[in-house]
Each structure stands twice: as structure tokens, then as C-alpha cells.
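# Summary of structural features
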Amino acid sequence: ERKQVIVITPTYNRALQAYFLNRLGQVLRLVQPPLLWIVVEMTSESAETAEILRKTGVMYRHLVCVNKNNTNVKDRGVHQRNAGLEHIERHRLDGIVYFADDDNVYSLELFESLRNISRFGTWPVAMLAQSKNKAILEGPVCNASQVIGWHTNEKSKKLRRFHVDMSGFAFNSTILWDPRRWKRPFSNPIRQLDTVKEGFQETTFIEQVVEDESQMESVPPSCSRILNWHLHLDAHGLVYPRGWLLQKNLEVV
Ligand code: UDP
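A brief look at the structure comes next. (Residues numbered from 1 in each chain as written. Predicted model: local features only at pLDDT ≥ 70, side-chain atom pairs only at ≥ 80, totals over all residues. Heavy atoms only, no water.)

## Thoughts on the overall build of the chain
Note the threshold: Helix and strand definitions follow DSSP, with helices as H or I runs of at least four residues and strands as E runs of at least two, each counted in order from the N terminus. Whether a residue is buried, partly exposed or exposed follows from its accessible area with a 1.4 Å probe, protein chains only, as a fraction of its type maximum: under 20%, in between, or over 50%, in that order. Note that accessible areas follow from Shrake-Rupley with a 1.4 Å probe, and for residues the cover is restricted to the protein chains shown.
Tallying secondary structure elements over the chain gives five helices and 12 strands in all. Residues counted as buried form 53% of the 253 residues belonging to the chain. A total accessible area of about 13000 Å² is found for the chain, and carbon and sulfur atoms account for 51% of it.

## Topic: the site of the ligand
Our working rule: Distances are taken per atom, and a residue is near a molecule or strand as soon as one of its heavy atoms is within 4 Å of it. Identification of polar contacts relies on pairs of N or O atoms within 3.5 Å, with a donor-acceptor requirement for protein atoms, meaning one able to donate a hydrogen and the other able to accept it, and with residues adjacent in sequence counted only if both atoms are side-chain atoms. Side-chain classes are defined by residue name, with Ala, Val, Leu, Ile, Met, Phe, Trp, Tyr, Cys and Pro counting as nonpolar, Asp, Glu, Lys and Arg as charged, and the others, Gly among them, as polar.
Not every one of the 13 residues close to the ligand is listed here, only the nearest: Pro-10, Arg-76, Gln-80, Asp-103 and His-230. Contact between the ligand and Arg-14: an oxygen atom at 3.4 Å from a side-chain N or O atom of the residue. In the environment of the ligand, an oxygen atom lies 2.7 Å from a nitrogen or oxygen atom belonging to the side chain of Asp-103. Surface burial for the ligand is 82%, taken as the share of its 510 Å² of free accessible area covered by protein chains. The residue inventory of the shell around the ligand, partitioned by class, reads two nonpolar, five polar and six charged.

## So, the sheet that holds strand β3 (residues 60-65)
As a reminder of what qualifies: Here, any two strands with at least 2 DSSP bridges between them count as paired. In this analysis, two residues are considered to be in contact whenever any of their non-hydrogen atoms come within 4.5 Å of each other. The convention used is that axes are lines fitted to C-alpha atoms, helices contributing only their stretch in contact, and that angles between N-to-C directions extend from 0 to 180 degrees.
Pairing within the open sheet is mixed, and its seven strands lie in the order β3-β2-β1-β4-β10-β6-β11. In this open sheet, the two edge strands, each paired with only one partner strand, are β3 and β11 (217-218). On top of the sheet, helix α1 (residues 17-30) reaches β1 (5-10) and β2 (35-42); it is set at about 165° to β2, its chief contact. Each of β1, β2, β3, β4 (96-99) and β10 (169-172) is contacted by helix α3 (residues 78-90), which is oriented at about 135° to β2, the strand it contacts most.

## Some details on the sheet that holds strand β7 (residues 125-128)
Overall, mixed pairing links the five strands, which are arranged β5-β12-β7-β8-β9 in an open sheet. If you trace the sheet from one side to the other, it starts and ends with β5 (105-106) and β9 (146-151), each paired once. With five bridges connecting them, strand β8 (residues 135-143) and β9 associate as antiparallel partners. When the bridges of β9 are listed, Gly-139 appears paired with His-151.

## Quick notes on α3
For an α-helix, 3.6 residues make a turn, and residues three or four places apart therefore share a direction. Our working definition: Given a helix with a known number of residues, its expected span is that number minus one, times 1.5 Å.
Taking 1.5 Å as the rise per residue, α3 with 13 residues should run 18 Å; its terminal C-alpha atoms sit 18 Å apart, in good agreement. Val-78, His-79, Gln-80, Arg-81, Asn-82, Ala-83, Gly-84, Leu-85, His-87 and Ile-88 are the residues of α3 that are buried. In this structure, the buried side of α3 is in contact with β1, β2, β3, β4, β10 and α5 (201-209). Arg-92 sits one or two positions beyond α3 and adopts a positive phi of about 45°.

## Brief notes about the state of the cysteines
Quick reminder of the rule: Criterion for a disulfide: a pair of cysteine sulfur atoms at a distance within 2.5 Å.
Applying the stated criterion to the full structure yields one disulfide. With its sulfur 1.9 Å from that of its partner, Cys-142 forms a disulfide with Cys-223. On the sign convention where negative means left-handed, the S-S torsion of about -40° between Cys-142 and Cys-223 marks this disulfide as left-handed. Placement of the pair is Cys-142 in strand β8 and Cys-223 in the loop between β11 and β12 (228-230), with a sequence separation of 81 residues.

## Digging into the nonpolar core
Convention followed: To qualify as a nonpolar core, a set must consist of buried Ala, Val, Leu, Ile, Met, Phe, Trp, Tyr and Cys residues joined through side-chain atoms within 4.5 Å.
Residues Trp-37, Tyr-98, Phe-111, Leu-114 and Trp-123 are the most contacted members of the largest nonpolar core, which totals 30 residues. Every element with two or more residues in this core is listed here: β1, α1, β2, α2 (47-56), β4, α4 (108-114) and β7. At five residues, α1 tops the list of elements feeding residues into this core. Counting residues in hydrophobic clusters, the runner-up holds 29 residues, among them Ile-8, Ile-38, Phe-169 and Val-210.

## Here's the deal with unusual backbone geometry
In the segment running from Pro-33 into Pro-34, the intervening peptide bond is cis, with an omega of 0°. You can see Pro-34 is positioned in the loop between α1 and β2. The omega torsion across Val-219 and Pro-220 is -15°, close enough to zero to call that bond cis. Topologically, Pro-220 is positioned in the loop between β11 and β12. For Arg-92, which is not a glycine, the phi torsion comes out positive at approximately 45°. For Arg-92, the location among the structural elements is in the loop between α3 and β4. According to the relative accessible area criterion, Arg-92 is partly exposed, its value standing at 49%. The phi torsion at Ser-222 lies on the positive side, around 75°, for a residue other than glycine. Its relative accessible area of 37% is what places Ser-222 among the partly exposed residues.

Encoded structure:
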């Protein structure tokens, strides 16, 4: 029986949102079922997002979360990912869970590879260095299916235990409610990530579900291919040519 892939995507209303969601939805549509796409918005459900999701032909849930704690951590999808996790836990959804931001670039092969993960899988993600003229990797260095080290780039993040991008790991959902089966280090519930410093969210999460590298699987073996890119393509404060009338959410047909 094929394992289910469960993709959690935080999203919010901005000019490129429709483009991003359509692009991701079109890749997900090509993935063999079963796949569930959990799309989470903040504060309220937007009609534009609902419309895009309806048209993708992917099985989805459209969730909304409200920041009750009002913490001052710079948000960037943190509460939304937590809401997605809570949904999976509450409904005991069985599958491989993956956090896919709406603006990254994903290969079809990535989603298919996720099904090979039994417990926790990780792989290198390509991104542009701050100078933008160099491509760098963040994630594991592997020997066959073993994780033996990490690509480290940014000085400010050197203190992290695991150098993994949010879009560079996936795990079996049963880790969330069956820690003993997976020898999860802590038996307490997964710590919510809303009090964690930016840049440390991935490692903080991962430290709660695996003990060390020996419990990780490389995807694909040897980490030999780049399966997705984290490009930071978002344009902030877009200025449109005079006379253009645009809603917040660019239509793409
Ligand atoms: N995001 C969100 N609300 C925000 C900022 C970001 O829902 O206020 C989502 C965004 O749609 C994306 C993810 O969180 O899916 C990561 O955001 P972004 O790409 O801006 O962060 P970066 O990749 O630059 O860290």
C-alpha cells in the first residue's frame, strides 16, 4: 500500500500568492495519490485561496489559525505550521509529513521520494547565498543512506544542532503520537515553535523527534540530487505600472 504524503503549506495574501499556489498545486497534482495538501492561512480564510484550491484537483484541507498567544516572534508561517501539525494529530492522519512553503520550487521526484521515508528523512536544499551570485546547499552530507555531517553556511546559524532548511526534511506522522515506537527522545508533546528564535525553528523541531543522525535517512540515498530550491523570490512592496488595477492576489491563468 502506498504511503500517504501530507504537505503543510502556510500561505498569506500578497501579490504573488496566486502564482505560488498555482505553481505548487500543479506539481502536487502530478504526484500519485494518496496525497493530502493542508493549506493554512492566518486570521481568516481568503476567497482567492479557496478558489485556487478548489481548482487544483488535489485533495486538500483549507485551515485558518489565529495567533492566540500573541507572541512577538517574527511569524513567517510558524503558527500555521503548528496548526497543520495539530490537525494531523487530532485526526491521527497517517503519512509522511512535509512542510512546503508556497514560494519554493519543488520537483515531482521530491514528493515521490518522500514515500521511501520510514521514520525521518532529510536532504540538501539549494538556495542562493546572500550575495545572490552563488548557489549553496543547506542540509545533510551523506554516505549512502547515512547522514554523516552538514553543510553549514551562515555564520549566525552555526550554533544549530542540525543544519536543515524547513523544506529539507519530512517525517512519519506517527512520531507525533507514538514516541515509543520510534524511540523519540522526549515523551512530552512536540514543543510549539512560537517561542523559538528565527533560524532555529527547524533544528528545535528536529531535536524533538530524533536523537541524532543515526535515526535519519537520506533522501535519495547519498543525497545525490537537488530536489528543491529555496529562492526567496518574494517581492516586497511591489510597485505596479501606472494604470494597472491589481488586487492583492495576482491572477494567473
Ligand atoms: N508566510 C505566511 N505569513 C507571513 C509570512 C510568511 O503565511 O506573514 C508563509 C509564506 O507564504 C511561506 C512561508 O510562510 O509559505 C515562509 O515565508 P517566506 O518564504 O516569506 O520566509 P523565508 O522563506 O523568506 O524564510
